[in-house]
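Coordinate inspection notes
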Amino acid sequence: MKYNQSIDQKWLKKWRDENLYAYNPKGKGEKFYLLEMFSYPSGSTLHIGHWYNYAPLDTYSRFKRMKGYNVFHPMGFDAFGLPAENFAIQHGIHPHDSTASNIKTMKLQLEEMGGDYDWNYSLETHTEDYYKWTQWLFLKLYENNLAYKKEAPVNWCPSCNTVLANEQVKNGTCDRCESVVSKKKISQWFFKITDYAEDLINDLEDLDWPSSTKKTQLNWIGKSIGSEVSFKVKDQDIDIKVFTTRVDTLAGVTYVVLSPENDLVSKLTKENYQKEVDAYIKKTSTFSEIERMETDREKTGVFIGSYAINPITKEEVPIWISDYVLEGYGTGCVMAVPAHDTRDFEFATKFGLPIRQVIKNGDNDVLPMTEQGTLINSLGYNNLTSEVAKITITKDLEKDNKGQFMTNYRLKDWLVSRQRYWGSPIPIVYCDTCGIVPESYENLPVKLPYDVEFKPDGKSPLAKSEEFINCACPKCKGPAKREVDTLDTFVCSSWYFLRYPDVHNDKEAFNKDIVNKMLPVDLYIGGNEHAAMHLIYARFITKVLKDLGYLSFSEPFSKLRHQGMILGSDGNKMSKSKGNTVIPDQFIKEYGADIFRCYLMFGFSYLEGGPWKDEGISAMARYFSRIESFFERLNDIDREETTKVNDTEKKLLTVMNKTVLGIEEDLDKLQFNTAISKTMEFMNELVRYEQFAEPINIKLLKECASTFIKILAPFAPFFSEELWKDSGNDTSIHLEKWPKVDKSLIEDEQVEIAVQVNGKLRATLPINKDEKEATVKELALDIENVKLHTQGKEIVKIIYVANKIINIVVK
RNA sequence: GCGUGAAUGGCGGAAUGGUAGACGCAGUGGACUCAAAAUCCACCGGUUAGUAGCCGUGCGGGUUCAAGUCCCGCUUCGCGCACCA
């Protein structure tokens, strides 16, 4: 045979006809839920990133099947979202239509890749039978006070004409179109993810996740422990609450700063400062997000005329506003301690405000000094350490009702409203009599209408659809209007892994028992760009559903890994503008899917990725033809035959068993590259035996060859199926079991150990396995080159690591 | 700035603290061929006449009989967060 794409096609048809990869929930074996982050059908074909993510995991899935697991390995499509809508706007194709055709092509290509998915367990988030339950989820959160509406400044992308989540703003620009993002106030729906901040932190510990991902999440949640302190405003009955992690520096406060957007500003601004304050607020509000985030920008601000009273020193300090204080964090007010905070120091220096040192740390008197130390100039708190002072001062404040311990998080509630067409409608109704009313469950799904003008003009597209917007109030049955915003696509993807195992359920989002049995996902794979958003949202929703009694587990993904990324051959990220993209299709056509996927697995370290190289794929093609010719020769060996198992045969068996075991270990570490290299070593050994053994044990050789096909099967599903058939089998290789390892055959009887003198390699020594230590020592000391280096020196000690190394230490 | 990951031949990349460079690419020499391609065999970190030796895993220290691997201090690059009080 000559392997090529037509062989792929032949087997594909057969597998499809026989429904070879059908998942049987009652199947034998321990369950194994393997999941890759589902793909977004934004382009019409699979790109190299899809292949790189999915093909190796298909290999892993096949391997686990052969090992006897009942593998659940579903695939679906994250179909709602901006790119499809943008595509539609640009090309005049309705997102529903472009999505449907893209999904069709991608499914076919995933099959052509060799994917062992059971499409009976597939889902697409834009279909009614899926988003019905996304809406159900929204209502559940709403019922439990975890979804609420509020007016808030939001990130507004002028080009996409939509609100963006904080996570979708990259360096002040839209992460999709890269336009500069500005601020706008609208009424929006939020999910109260902040209620779960503490759980999201605590439960990270037990997860088998990359530590960098855990740290990203911790950083994103951003817990900080400190105190809240009340500053009374002079001559007014108003308290300014500030959050600080350094209450030990309280005596060093020389002014207080509010964010320009803070509600207190209007109340505290004195008349003769009003003009300047207004001008400042106006100026900062026109600053784009990107400008405001420039950390090295010079500090600006104005005094607003009022004074605050330091609760411990009773000193009056001026109140300023400045945009270096963020409205969205803490209370939006800050106590400024210029001596011990770099930002306050900069500000105070610029505006000539006093700087008072209250912490001493050794001889370091250079200000600003941000380290902790011992208190000075702090009344009765002098000589306390920062650590103790934080507690003492807060307790004292607490007694006077002027402060308390406080924990703050950077995590903000999840903004889920989108002023877009291509998403799930939010199942909420506005009634003049009843107010905000959740749509009733029996009316779900609230259907997304097809005929809608979705071109952006700053209004939600659904607002323009009369048939959509007008409805009956679920409560009073009077006329009412629907919510016109749609849900963030991250809501769709925050629970899809729960739907897969029970994807046809039309009574509920999922059956509790089925899901509790199948989840958590045993291995979840996807790009690390999702370390913060998708992976936090999915954890949050899982925890909510657990608390509401729908699930028995609180973490969705026990083990997580991130695949690396394939770069262009120039080492840069692939992009059309750089002209360095690699289109898989041309390679599949030329070589067949198996050669392509094997190259992807062999040429890179899976978790790292790296730059694409054309040469590698022809090398893989050469390996395939080496295998082909070996199997062709196998049937007409014309040499003296034997049935004995002598040293040469034993060596072959040893290599084989080592290979099988080695591949098992490699695959469990997702080391596809070394796993394939082990198949190569095995093939080299088979060829060596086939070419040179005299006499030759053909029966044994054929058995080993058959084992070879089995271990190749997960990597090259089409090619191995063809080899299997050519070797006279009429069932599928993919129904075979993974070969059993005979551990007794793994160790050679003879091993070669390293002989070192003072840690330097001086010789190698062949010994019988598990030779007595004394004998090994004797043999080692007798080696010519060892004698040379030990001669005339005192032997201090000899370290022997059995069957590995002997180190002779001399003086 | 804070956090985090990485650095190994000409290249992709291997190495539970135990013979650095598995496997492959590229390269060199040879066989086959009229010739080329393909295939096969050998070599393939540097230095050296060498099979003996010396040097060698970004840099400087340390722990250890033994360090690419562990510890301390740097450099460079990548990634994430970024005025979070």
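Reading the values: the criteria
- Residues numbered from 1 in each chain as written.
- Chains lettered and ligands numbered in written order.
- Predicted model: local features only at pLDDT ≥ 70, side-chain atom pairs only at ≥ 80, totals over all residues.
- Heavy atoms only, no water.
- Helix = DSSP H or I, 4+ residues; strand = E, 2+ residues; numbered from the N terminus.
- Contact = heavy atoms within 4.5 Å.
- Expected span 1.5 Å × (residues − 1).
- Buried < 20%, exposed > 50% of the residue type's maximum accessible area, 1.4 Å probe, protein only.
- pLDDT = per-residue confidence, 0-100.
- Axes fitted to C-alpha atoms, helices over the stretch in contact; angles between N-to-C directions.
- Parallel < 35°, antiparallel > 145°, perpendicular 65-115°, else oblique.
- Left-handed = near helix turned anticlockwise from the far one by under 90°.
- Nonpolar A, V, L, I, M, F, W, Y, C, P; charged D, E, K, R; others polar.
- Pairing = 2+ DSSP bridges.
- 1 Å grid on protein atoms, 1.4 Å probe; cavity = no way out; pocket = protein on both sides within 12 Å on 5 of 7 lines; lining within 4 Å.
- Points joined across faces, edges and corners; volume = space filled by probe spheres on them.
- Near = heavy atom within 4 Å.
- Polar contact = N/O pair within 3.5 Å; in protein donor to acceptor, adjacent residues only side chain to side chain.
- Core = buried A, V, L, I, M, F, W, Y, C linked by side-chain atoms within 4.5 Å.
- Phe/Tyr/Trp six-rings, centres within 6.5 Å; stacked < 30°, edge-to-face > 60°.
- Lys NZ or Arg CZ within 6 Å of the ring centre and 35° of its normal.
- Salt bridge = Lys/Arg side-chain N within 4 Å of Asp/Glu carboxyl O.

1. Observations regarding the environment of Ile376
Mapped onto the elements, Ile376 comes out in the loop between β15 (374-375) and α12 (386-399). Linking Ile376 and Asp208, residues 168 residues apart in sequence, is a C-alpha distance of 46 Å. Ignoring anything within four residues of it in the chain, the contact list for Ile376 reads Gln357, Val358, Ile359, Lys360 and Asn382.

2. Topic: helix α23 (residues 698-712)
Between its terminal C-alpha atoms α23 stretches 21 Å, which fits the 21 Å expected from 15 residues at 1.5 Å a residue. For α23, the tally of buried residues reaches eleven of 15 residues, placing the bulk of the element in the interior. Every buried residue of α23 is accounted for by Ile698, Leu700, Leu701, Cys704, Ala705, Thr707, Phe708, Ile709, Lys710, Ile711 and Leu712. Buried residues along α23 sit in contact with α2 (48-66), α20 (614-633), α21 (647-668), α22 (672-692) and α24 (717-726).

3. Considering the confidence of the model for chain A
With 96% of its residues at a pLDDT of 70 or more, chain A has an overall mean of 89. Taken together, the chains of this predicted complex give a pTM of 0.90 and an interface ipTM of 0.92.

4. Concerning the packing of α22 against α23
Two elements in contact, α22 and α23, have axes whose closest approach is 11 Å; the angle formed by their N-to-C orientations is 160°. Considered as vectors, α22 and α23 are oriented roughly antiparallel to each other. Remark: the crossing between α22 and α23 carries left-handed chirality. Residues Thr679, Phe682, Met683, Leu686, Tyr689 and Glu690 of α22 lie in contact with α23, whose contacting residues are Leu701, Cys704, Ala705, Phe708 and Ile711. The class makeup of the residues in the contact of α22 with α23 is nine nonpolar, one polar and one charged.

5. Things to note about the sheet that holds strand β29 (residues 760-768)
The four strands lie next to each other as β29-β28-β31-β30, forming an open sheet whose pairing is mixed. The strands lining the two open edges of the sheet, one partner per strand, are β29 and β30 (795-801). Averaged over all pairs of adjacent strands, the angle between strand axes in this sheet comes to 20°, irrespective of strand direction. As defined by bridge partners, β30 adjoins strand β31 (residues 805-810) across six bridges and the pair is classed as antiparallel. For Ile795, the partnering residue across the bridge sits in β31 and is Val810.

6. Some points on empty space enclosed by the protein
Evaluation of the coordinates by the stated rule reveals four cavities of 30 Å³ or more. Each pocket or cavity is described by its volume, and for the second largest cavity that value is around 70 Å³. Its residues placed into classes, the lining of the second largest cavity shows six nonpolar, one polar and three charged.

7. So, the protein's contact with RNA strand B
Looking at RNA strand B, there are 55 residues lining it, with Thr245, Lys299, Tyr329, Arg343 and Gly603 nearest. Protein-proximal atoms of RNA strand B, defined as those within 4 Å of the protein, fall in sugar or phosphate at a share of 62%. In this structure, a phosphate oxygen belonging to RNA strand B sits 3.3 Å away from a side-chain N or O atom of Ser605. In this structure, a phosphate oxygen belonging to RNA strand B sits 3.1 Å away from a side-chain N or O atom of Lys760. The residue makeup of the surface near RNA strand B, split by class, is 17 nonpolar, 21 polar and 17 charged.

8. Some details on the nonpolar core
Within the largest apolar cluster, 94 residues are counted, with the highest numbers of intra-cluster contacts made by Tyr60, Trp612, Phe631 and Phe708. Other than its neighbours up to four places away in sequence, Tyr60 contacts Phe32, Leu34, Leu523, Leu667, Asp668, Leu670 and Phe672. The next biggest cluster of nonpolar side chains, apart from the first, holds 79 residues, and it includes Met37, Phe72, Leu137 and Phe510.

9. Quick look at the packing of aromatic side chains
Note on aromatic pairs: each is described by the distance of the centres and the angle between the planes. Per the counting criterion, the structure on display carries 57 aromatic pairs. Considering the side-chain rings of Phe138 and Trp189, the 5.3 Å spacing of their centres and the 80° angle between planes classify their relative orientation as edge-to-face. Here Phe138, found in helix α5 (residues 128-143), pairs with Trp189, found in strand β7 (residues 182-191); they are 51 residues apart in sequence, far enough to count as distant. Note on accessibility: Phe138 and Trp189 belong to one class, buried. Taken together, a centroid distance of 5.1 Å and an interplanar angle of 85° make the contact between Tyr599 and Trp612 edge-to-face. Residue Tyr599 is found in helix α19 (residues 593-603), and its partner Trp612 is found in the loop between β27 (609-611) and α20; the two are separated by 13 residues along the sequence. Assigned by exposure class, Tyr599 and Trp612 land together as buried. Following the ring pairs from residue to residue traces out a cluster consisting of Trp51, Tyr52, Phe587, Phe596, Tyr599, Phe604, Tyr606, Trp612 and Phe672. Its guanidinium or amino end placed over the ring of Trp15, Arg62 lies 5.6 Å from that ring's centre, counting from NZ or CZ. Positioned over the ring face of Tyr324 is Lys299, at 5.4 Å from the centre of the ring.

10. Section: the side chain of Thr300
Counting through the fold element by element, Thr300 comes out in the loop between α10 (289-292) and β11 (302-309). The buried category is assigned to Thr300, whose relative accessible area is 18%. Separated by 2.7 Å, the side chains of Thr300 and Tyr280 make a polar contact. Apart from the residues lying within four places of it in its own chain, the contact partners of Thr300 are Tyr280, Ile321, Ser322, Asp323, Phe347, Lys350 and Phe351.

11. Points about the sheet that holds strand β20 (residues 435-438)
With antiparallel pairing, the four strands of this open sheet are ordered in space as β20-β19-β22-β21. Only two strands of the sheet have a single partner each, and these edge strands are β20 and β21 (470-472). Between one strand axis and the next, the sheet turns through 45° on average, direction left out of account. Note: strand β19 (residues 428-431) against β20, four bridges, orientation antiparallel. When the sheet's bridge partners are listed, Val429 is paired in β20 with Val437.

12. A word on the pattern of salt bridges
By the definition in use, this model includes 43 salt bridges. Across the pair Arg420 and Glu85 runs a salt bridge, and its minimum N-O distance is 3.0 Å. Here the residue Arg420 occupies a position in the loop between β18 (417-418) and β19, and Glu85 occupies one in helix α3 (residues 82-91), the gap between them amounting to 335 residues. What makes Glu85 buried here is its relative accessible area of 1%. Lys447 is paired through a salt bridge with Glu128; the nearest N and O atoms lie 3.9 Å apart. One end of the pair, Lys447, is in the loop between β20 and α13 (466-469); the other, Glu128, is in helix α5, with 319 residues separating them in the sequence. We classify Lys447 as partly exposed; its relative accessible area is 48%. Among the charged side chains, a network of salt bridges with common partners joins Lys10, Glu722, Lys725 and Asp726.

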